[in-house]
Amino acid sequence: FSDVEEQLTDEELLGEQPDPVLQNEQRKLDKRHKHEIKKLEEEIRQWHTMVGGPDNGPFSFDLDNETYAALRGRLVRYLMRSKEITLGRTTPTHQVDVDFSLEGPAWKISLKQGIIKYHGGEFFLWNFGKRPIYIDGHPVIQGCHSKLQHHCVMEICSLKFIFLINKNMTETKNHEKDIIPTCVLTLILRNKFCRILRNYANFQFKVCVG
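Let me begin by describing the structure that accompanies this report. (Residues numbered from 1 in each chain as written. Predicted model: local features only at pLDDT ≥ 70, side-chain atom pairs only at ≥ 80, totals over all residues. Heavy atoms only, no water.)

Here we come to the side chain of Gln-113. Mapped onto the fold, Gln-113 is located in strand β5 (residues 112-119). Given the relative accessible area of 0%, Gln-113 is considered buried. Of the polar contacts made by the side chain of Gln-113, one reaches the side chain of Asn-127; its length is 2.8 Å. When near neighbours in sequence (up to four residues on either side) are disregarded, Gln-113 contacts Leu-87, Gly-88, Trp-126, Asn-127, Phe-128, Gly-129, Lys-130, Arg-131, Ile-133 and Ile-156. (Helix = DSSP H or I, 4+ residues; strand = E, 2+ residues; numbered from the N terminus. Buried < 20%, exposed > 50% of the residue type's maximum accessible area, 1.4 Å probe, protein only. Polar contact = N/O pair within 3.5 Å; in protein donor to acceptor, adjacent residues only side chain to side chain. Contact = heavy atoms within 4.5 Å.)

This is how it looks when you write it as structure tokens:
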């Protein structure tokens, strides 16, 4: 029995020895999985600007009260949730708010192709890239800008998007801009009242001296 026991022990020990080929394949698989996980983590930042697929119609979209506008493509829709967003391509070393590569082939598009900015109740597009951006068929070349209207068509390198403005959001912002806070209004009235009293006191002094 001792010989058999020693033989079994040796076989078990030999069976537990790692296979170099198997270990190499496992390392490759583990490296591939880690790369995919890292890529997904880098794309997480895009989830708040990308929702679902295309809409069923030009007016069938619902935007919440935190969204200024949206760029609707064939596959994805980008939400503009700040007064300025960057357009271009995302890489491991460069991040943009709107990554055109999620919509389709974008290797000809610059890393920072441009920006969309909300200012004074209106939206404007600035083009910083070498490729022109077409707004309703009109080219916007490098260094130039164009005003964006509701439901205008934006095209760059065969990728087309419809620009949709959340009018409820923009009207609310414009209304808030026009309202003077109570504390500011009180301060303005107080300053005017003090100025009137000062002028009246100076007038009385001049009359007494005269």
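What follows concerns the sheet that holds strand β6 (residues 122-127). In spatial order, the strands read β4-β3-β5-β6-β9; together these five strands make up an open sheet with mixed pairing. Only two strands of the sheet have a single neighbouring strand rather than two, namely β4 (98-99) and β9 (145-148). Note: strand β3 (residues 84-88) against β4, two bridges, orientation parallel. Bridge pairing links Gly-88 to Asp-99 in β4. (Pairing = 2+ DSSP bridges.)

Our focus in this paragraph is unusual backbone geometry. With phi around 70 degrees, His-151 is a residue other than glycine that occupies positive phi space. Examined against the element boundaries, His-151 turns out to sit in the loop between β9 and β10 (152-156). Positioned with a positive phi, Cys-157 is a non-glycine residue whose angle comes to about 50 degrees. Assignment of secondary structure puts Cys-157 in the loop between β10 and β11 (159-165). On the basis of relative accessibility, which here comes to 25%, the residue Cys-157 falls in the partly exposed class.

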